[in-house]
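What follows is each chain in one-letter form.
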Protein chains: 2
Amino acid sequence: MNFKQLEYFAAVAEAKSISGAARELHVAQPPVSRQLALLEDELGVTLFLRTNKGVELTEAGQCLYQHSRQMFQSLRTMADSVRDVDAGVRGQLKLGIIYSDVQIATSLMQEYHERYPQVELYVRMGSPGDLLDDLSRGELHVLFLRSQSERSYGLRERVLGEDPLELVMRAETDPAPGQAAVPIRALRDVPMCLLRSDDLWGYSRDLTDECRRAGFTPNVACHCYDTPMEMQMVQAGFGVGFLPKSIVEAHPGSPVYTKPVLEFAAKSYPILVWEDDPYQSGCVKRFLELAAERT
Amino acid sequence: MNFKQLEYFAAVAEAKSISGAARELHVAQPPVSRQLALLEDELGVTLFLRTNKGVELTEAGQCLYQHSRQMFQSLRTMADSVRDVDAGVRGQLKLGIIYSDVQIATSLMQEYHERYPQVELYVRMGSPGDLLDDLSRGELHVLFLRSQSERSYGLRERVLGEDPLELVMRAETDPAPGQAAVPIRALRDVPMCLLRSDDLWGYSRDLTDECRRAGFTPNVACHCYDTPMEMQMVQAGFGVGFLPKSIVEAHPGSPVYTKPVLEFAAKSYPILVWEDDPYQSGCVKRFLELAAERT
DNA sequence: AAGCGCCATACTATTTTTATATGGCAATTA
DNA sequence: TAATTGCCATATAAAAATAGTATGGCGCTT
């Protein structure tokens, strides 16, 4: 059986006539007659009763006709949905997001979802290392990370914006109360909660280097494994933190606030990271296009 | 697009290799490569990424693969169900039944349904004339009627059994109390409820003819249009009826009982009636076969 | 560098499908 | 009653689609 036979069959069923169907199909009558006979042979079933003035469906023929209509419907939806997936209108998009990028990521995802509502979005949060592993295994398509000027990921990147790195504190732990910015020397001996320095993408390295240049070793009271933990420690009054300003802004009710370091205007850059694949899925392409529009 | 292309596509998707699929399909490699290219052209979509050691599905390809599996499934069920309909295992069977045949009809239908549970049964009750009209219009397939020796229906028939025609009465209207059978002369002047005599299939004609032969005109107190009505009238004490014995036996709680007419052993024959169509639907064929087995 | 396995392409051979011509059949019309 | 018409089926020739053969490029292994 093939589509042509089904197509001819359906046309004959609708025209109630072989020659009529042939006219509709713009082919001669014998081919239609022949394909019909082949179909009947293959199924081992009489599909039409041949009458004087045409043909009419048997019960088995009616059954086949109903199924054939469904079949053509499925065929159309199949082709459409394959094209949609190819165009990126439909499909799956799997994103990895580090804690610091949740704000910018959700906003971009929201806009993307409005534009491509049929795409299923998958997101996971995690450390940059874990996310990069998943990216290389193909389990994630695009990551929201922060750029590291010293290192390249060996991947495609796009900077989404910038975010000043500032000290984070409660009033009780403020090293320079009453001042809008904290001079670096004010940090001497101040207990600090920083991202663990062996984390390749920590923000802490910049600050500790700066302290050493200022002639002292910072008092790192607590090494945190991730930014939410660091926020918690600072909020608990454990010490002063050093984080992108936007993270603190995302905690409006918190007793924590930020101040820049007077002599050191460090910045962090939210970036998108993806693998450079010429056969990138349509969803990924569309998502990257949208990100490009927004920057 | 045609089934061959889909079939090749699915084989390639499963083998993750064009040449591997070609081996599975027992064809050379170039045809598979070519049909795949045609399919991709027609959809305007890249379905596979060609790698060093084979091919792998793109997202659009995965989408097509899932749909294609469904499609093959539908194809199989379509062929199966068409064959089932043809064989009479599936489909519709529309029966017409006169009141007197309800007992025998339901019993036959029950057995039929056990054997062919997938067939949808439609039944209607009515007068023989109405049912025959529906039969000729093709709205019913098989009728349960009673045979008329004088008339032929011009249709195929099968006798299902026999059923003595007897007088029906209450104790109050019994023309021959204490006797097992009623002599014909005892019916003189007895009020009777009979099927209307102009009904071609009424049982009454036999009895009224017999009365006239016995020298009197029967006292037909009420002409009934159908057997249930006649039963009601007899049950209400309006008079004596004349009906197939089985009808009364089907009313076990009723105060009505039957007695044969002494000199007149009339019988009624339940029959199946259908049109002689060589392209009879499978369900009808199977039903008639079952009826043949039972007689 | 040679060999191997993969896919793509060019070309030929085969199979399938189509179109043309024709015949049987039943119903309508002259 | 004979002729015509419209229907479907069949036989044959033409056209199209499909398969097979030969070959080349490419990346990987040996």
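Source: prediction; values computed, not measured. (Residues numbered from 1 in each chain as written. Chains lettered and ligands numbered in written order. Predicted model: local features only at pLDDT ≥ 70, side-chain atom pairs only at ≥ 80, totals over all residues. Heavy atoms only, no water.)

1. Focus: the overall build of chain A
Part 1: Secondary structure summary: chain A contains 10 helices and 13 strands in total.
Part 2: Radius of gyration (C-alpha) of chain A: 33 Å, far over the 19 Å computed for a compact globule of 295 residues.
Part 3: With the C-alpha coordinates of chain A rotated into their principal frame, the extents come out at 105 × 35 × 30 Å.
Part 4: A sequence separation of at least 24 residues applies to 73% of the contacts in chain A between residues at least 6 apart.
Part 5: Counting only carbon and sulfur atoms, one obtains 47% of the accessible surface of chain A, whose full area is about 14500 Å². (Helix = DSSP H or I, 4+ residues; strand = E, 2+ residues; numbered from the N terminus. Rg over C-alpha atoms; globule rule 2.2 N^0.38 Å. Contact = heavy atoms within 4.5 Å. Areas by Shrake-Rupley, 256 points an atom, 1.4 Å probe, with all protein chains shown as cover.)

2. A short note on the protein's contact with DNA strand D
Part 1: Lining the immediate environment of DNA strand D, one finds 20 residues, of which A:Ile18, A:Ser19, A:Ser33, A:Arg50 and B:Tyr8 sit closest.
Part 2: Of all DNA strand D atoms lying within 4 Å of any protein atom, the proportion belonging to sugar or phosphate reaches 72%.
Part 3: One of the backbone nitrogen or oxygen atoms of A:Ile18 is found 2.6 Å away from a phosphate oxygen of DNA strand D.
Part 4: Taking B:Tyr8, its side chain carries an N or O atom lying 2.5 Å from a phosphate oxygen of DNA strand D.
Part 5: At the level of secondary structure, the elements contributing two or more residues to the surface near DNA strand D comprise helix H2 (18–25), helix H3 (29–43) and strand S2 (54–57) of chain A together with helix H1 (3–15) and helix H3 (29–43) of chain B.
Part 6: Ranked by residue count, the leading element in the surface near DNA strand D is H3(B), at 4 residues. (Near = heavy atom within 4 Å. Polar contact = N/O pair within 3.5 Å; in protein donor to acceptor, adjacent residues only side chain to side chain.)

3. Overview of the sheet that holds strand S6 (residues 156–159) of chain B
All names here are of chain B.
Part 1: If you trace the 5 strands from one edge of the open sheet to the other, you get S4-S3-S5-S13-S6, paired in mixed fashion. A strand with exactly one partner marks an edge of an open sheet, and here the two such strands are strand S4 (119–125) and S6. Here the strands of the sheet are splayed against their neighbours by 25 degrees on average, with no regard to which way each runs.
Part 2: Of the pairings in the sheet, the one linking S6 to strand S13 (residues 270–274) comprises 4 bridges and is antiparallel in character. Each residue of the ladder has a partner; that of Arg158, found in S13, is Leu272.
Part 3: Contacting strand S3 (91–97), S4, strand S5 (142–146) and S13, helix H5 (residues 102–115) runs over the sheet at an angle of about 175 degrees to S4. (Pairing = 2+ DSSP bridges. Axes fitted to C-alpha atoms, helices over the stretch in contact; angles between N-to-C directions.)

4. As for the relation of the copies chain A and chain B
Part 1: Note on the copies: chain A fits chain B at an RMSD of 0.2 Å, the axial shift is 0.1 Å, and the rotation between them is 179 degrees. Accordingly, the operation relating the two chain copies is best matched by a two-fold axis.
Part 2: When the interface residues of chain A are mapped onto chain B, 100% of them again fall at the interface, so both copies present the same face. (Least-squares fit on C-alpha atoms with pLDDT ≥ 70 in both.)

5. Here we look at the nonpolar core
Part 1: Counting residues in each nonpolar core, the largest one holds 60 residues, and the members touching the most others are A:Leu47, A:Leu64, B:Leu47 and B:Leu64.
Part 2: Of all the secondary structure elements, the ones that give two or more residues to this core are helix H1 (3–15), H2, H3 and helix H4 (59–87) of chain A together with H1, helix H2 (18–25), H3 and helix H4 (59–87) of chain B.
Part 3: Excluding residues within four positions of it along the chain, A:Leu47 makes contact with A:Phe9, A:Leu39, A:Glu40, A:Glu56, A:Leu57, A:Thr58, A:Ala60, A:Gly61, A:Leu64 and B:Val82.
Part 4: Ranked by size, the runner-up nonpolar core spans 40 residues in total, among them B:Leu132, B:Leu167, B:Leu207 and B:Cys222. (Core = buried A, V, L, I, M, F, W, Y, C linked by side-chain atoms within 4.5 Å. Buried < 20%, exposed > 50% of the residue type's maximum accessible area, 1.4 Å probe, protein only.)

6. Some remarks on helix H8 (residues 227–235) of chain B
All names here are of chain B.
Part 1: All of the buried residues along H8 are Thr227, Glu230, Met231, Met233 and Val234. Down the axis, H8 shows its buried residues gathered within 165 degrees of arc, on one side only.
Part 2: Considering only its buried residues, H8 is in contact with strand S7 (163–169), strand S8 (191–195), strand S9 (219–224), strand S10 (240–244) and helix H9 (245–249).
Part 3: Where H8 begins, one side-chain oxygen reaches toward the backbone nitrogen of Met229, 3.0 Å away; that side chain belongs to Asp226.
Part 4: The positive-phi residue at the C-terminal boundary of H8 is Gly237, with phi of around 85 degrees. (Arc of directions from axis to C-beta.)

7. What about the environment of B:Thr217?
Part 1: Secondary-structure assignment places B:Thr217 in the loop between helix H7 (204–213) and S9.
Part 2: C-alpha separation for the pair B:Thr217 and B:Ser68, spaced 149 residues apart in sequence, amounts to 79 Å.

8. Overview of the protein's contact with DNA strand C
Part 1: Residues in close proximity to DNA strand C total 20 residues, the closest being A:Tyr8, B:Ile18, B:Ser19, B:Ser33 and B:Arg50.
Part 2: Near the protein, within 4 Å, the atoms of DNA strand C are sugar or phosphate in 70% of cases.
Part 3: Note that a phosphate oxygen of DNA strand C is positioned 2.5 Å from one of the side-chain N or O atoms of B:Arg50.
Part 4: Of all the secondary-structure elements, those providing two or more residues to the surface near DNA strand C are H1 and H3 of chain A together with H2, H3 and strand S2 (54–57) of chain B.
Part 5: The residue makeup of the surface near DNA strand C, split by class, is 8 nonpolar, 9 polar and 3 charged. (Nonpolar A, V, L, I, M, F, W, Y, C, P; charged D, E, K, R; others polar.)

9. Focus on the packing of aromatic side chains
Part 1: Per the counting criterion, the structure on display carries 11 aromatic pairs over all chains.
Part 2: Between A:Phe3 and B:Phe3, the ring centres sit 3.9 Å apart and the planes meet at 25 degrees, which makes this aromatic pair stacked. One end of the pair, A:Phe3, is in helix H1; the other, B:Phe3, is in helix H1, on a second chain. Neither residue differs from the other here; A:Phe3 and B:Phe3 are each classed as buried.
Part 3: For the ring pair A:Phe242 and A:Phe264, a centre distance of 6.3 Å and an interplane angle of 20 degrees mean the geometry is stacked. Placement of A:Phe242 in strand S10 (residues 240–244) and of A:Phe264 in the loop between strand S11 (257–259) and strand S12 (267–268) is noted, with a sequence separation of 22 residues between them.
Part 4: Classification of A:Phe242 as buried rests on a relative accessible area of 1%.
Part 5: Taking the relative accessible area as the measure of exposure, A:Phe264 reaches 15% and is therefore buried.
Part 6: Here the aromatic cluster, defined as three or more aromatic residues joined through ring pairs, consists of A:Tyr112, A:Tyr116, A:Phe144 and A:Phe287. (Phe/Tyr/Trp six-rings, centres within 6.5 Å; stacked < 30°, edge-to-face > 60°.)

10. So, the pattern of salt bridges
Residue and element names in this part refer to chain A.
Part 1: Per the counting criterion, the structure on display carries 32 salt bridges over all chains.
Part 2: Two residues, Glu111 and Arg294, come together in a salt bridge whose shortest N-O distance is 2.8 Å. Of this pair, Glu111 sits in helix H5 (residues 102–115) while Arg294 sits in helix H10 (residues 282–294); the two residues are 183 residues apart in sequence, bridging distant segments of the chain.
Part 3: When its relative accessible area of 28% is taken as the criterion, Glu111 is described as partly exposed.
Part 4: Overall, Arg294 belongs to the partly exposed group, its relative accessible area being 38%.
Part 5: Residues participating in the shared-partner salt-bridge network are Arg124, Asp134, Arg137 and Glu139. (Salt bridge = Lys/Arg side-chain N within 4 Å of Asp/Glu carboxyl O.)

11. Structural notes on the environment of A:Glu275
Residue and element names in this part refer to chain A.
Part 1: Within the fold, Glu275 resides in the loop between strand S13 (270–274) and H10.
Part 2: Here Glu275 falls in the partly exposed class, since its relative accessible area comes to 31%.
Part 3: Along the backbone, Glu275 and Arg83 are 192 residues apart, and their C-alpha atoms lie at a distance of 23 Å.
Part 4: Aside from chain neighbours lying at most four places away, what touches Glu275 is Leu135, Ser136, Leu155 and Gln280.

12. Focus on the interface of chain A and chain B
Part 1: Contact with chain A, which involves 32 residues of that partner, is made by 32 residues of chain B.
Part 2: Joining chain A to chain B, the criterion identifies 0 salt bridges.
Part 3: Our enumeration of links across chain A and chain B arrives at 7 residue pairs in polar contact (both at pLDDT 80 or more).
Part 4: Elements with a contribution of two residues or more to the side of chain A that touches chain B: H1, H3, H4 and strand S3 (91–97) of chain A.
Part 5: Ranked by residue count, the leading element in the side of chain A that touches chain B is H4(A), at 16 residues.
Part 6: Looking at side-chain class alone, the side of chain A that touches chain B contains 17 nonpolar, 11 polar and 4 charged residues.

Honestly, it's all geometry; don't read function into it.
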